[in-house]
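# Remarks on the overall topology
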Amino acid sequence: MLSRHWPKEAGSRNTFAMAVGGLLLRGLRNRPDAVEIAQSLVFEASKCAGDEEAVARRDAVTATYEKIGPGEPITGRPTLVRLGISEEMLKQFRTWLNLRRTAMPSPSEALLTG
């Protein structure tokens, strides 16, 4: 599903990767392997879409994850909608992957719980 909607134009692919990463990291946050899952999904989707910078897209997930600890804002659902992904598709995606819909914990909560 992700690869079919991966942006064709070069200017928005990294933004798309960071937004998918943010959505996945938020939704999988209680899993110890959340980062690896998000990196793998973004990497494989970008590779299947023919994005020649699939490694950079995987690294965008890492950069997104690194923003969570210090409490910096990360992208996610609103950015994906702005890039043309429908709410219905996002709902289906969250259902398939059993993603949580709650907000990320604050940095102090993250330190306490994880």
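Residues numbered from 1 in each chain as written. Predicted model: local features only at pLDDT ≥ 70, side-chain atom pairs only at ≥ 80, totals over all residues. Heavy atoms only, no water.

## What about the confidence of the model for the protein chain?
Definition in use: Values of pLDDT, the confidence the predictor places in each residue, fall between 0 and 100. Any two residues whose heavy atoms approach within 4.5 Å are treated as being in contact.
Here the protein chain averages 87 in pLDDT, and 89% of its residues register 70 or above. pLDDT under 50 marks residues 104-114. Its contacts with residues more than four places away, or in other chains, come to 10 contacts.

## Some remarks on the side chain of Ser 12
Heads up, the rule is: Secondary structure follows DSSP: runs of H or I at least 4 residues long count as helices, runs of E at least 2 residues long count as strands, and numbering of each begins at the N terminus. In this scheme, a residue with accessible area under 20% of its type's maximum is buried, one over 50% is exposed, and one in between is partly exposed, where area comes from a 1.4 Å probe on protein chains only.
Mapping Ser 12 onto the fold places it in the segment before α1 (13-27). Ser 12 gets classed as buried once you look at its relative accessible area, which sits at 12%. The contact partners of Ser 12, leaving out residues within four places of it in the chain, are Pro 7 and Leu 83.

## Re the packing of aromatic side chains
This is how the line gets drawn: Here a pair means two rings of Phe, Tyr or Trp (six-membered ring of Trp) with centres within 6.5 Å. Their orientation is stacked below 30 degrees between planes, edge-to-face above 60, and tilted elsewhere. Geometrically, a charge over a ring is one whose NZ (Lys) or CZ (Arg) sits within 6 Å of the ring centre while staying within 35 degrees of the ring normal.
All chains considered together, the criterion is met by 1 aromatic pair. For the pair Trp 6 and Phe 16, a centre-to-centre distance of 4.9 Å together with 80° between the ring planes defines the contact as edge-to-face. Placement of Trp 6 in the segment before α1 and of Phe 16 in helix α1 is noted, with a sequence separation of 10 residues between them. For the pair Trp 6 and Phe 16, a shared accessibility class is recorded, and that class is buried. Taking the ring centre of Phe 43 as reference, the NZ or CZ of Arg 58 above it sits at 5.8 Å.

## Details of the packing of α1 against helix α3 (residues 54-68)
As a reminder of what qualifies: Between N-to-C directions, angles span 0 to 180 degrees; the directions come from axes that are lines fitted to C-alpha atoms, helices contributing only their stretch in contact. By definition in this entry, angles of less than 35 degrees are roughly parallel, angles greater than 145 are roughly antiparallel, angles of 65 to 115 are roughly perpendicular, and the rest are oblique. Left-handed describes a crossing in which the near helix is turned anticlockwise from the far one by less than a right angle; the clockwise case is right-handed.
Following both chains from N to C, one finds α1 and α3 inclined at 50°, their axes separated by 8 Å at the closest point. In terms of their interaxial angle, α1 and α3 are classed as oblique. For the pair α1 and α3, the crossing hand works out as right-handed. Across the interface between the two elements, Arg 13, Asn 14, Ala 17, Met 18, Gly 21, Gly 22 and Leu 25 from α1 touch Ala 56, Arg 57, Ala 60, Val 61, Thr 64, Tyr 65 and Ile 68 from α3.

## Looking at the pattern of salt bridges
Cut-off, in case you're wondering: What makes a salt bridge here is a side-chain nitrogen of Lys or Arg within 4 Å of a carboxyl oxygen of Asp or Glu, nothing more.
All chains considered together, the criterion is met by 8 salt bridges. Note that Arg 13 is salt-bridged to Glu 52, the shortest N-O span being 3.2 Å. Here Arg 13, found in helix α1, pairs with Glu 52, found in the loop between α2 (34-48) and α3; they are 39 residues apart in sequence, far enough to count as distant. Under the relative-accessibility criterion, Arg 13 is labelled buried at 9%.

## Quick look at the nonpolar core
To be explicit about the condition: Nonpolar core, defined: a set of buried Ala, Val, Leu, Ile, Met, Phe, Trp, Tyr and Cys residues in which side-chain atoms within 4.5 Å join the residues together.
One finds Val 20, Leu 24, Val 42 and Leu 80 to be the most contacted residues of the largest nonpolar core, which totals 25 residues. Mapped onto this core, the elements with two or more residues apiece are α1, α2, α3 and α5 (87-97). With 7 residues, α1 is the single largest residue contributor to this core. The residues touching Leu 80, leaving out its near neighbours within four places in the chain, are Phe 16, Ala 19, Val 20, Leu 23, Ile 85 and Leu 90.

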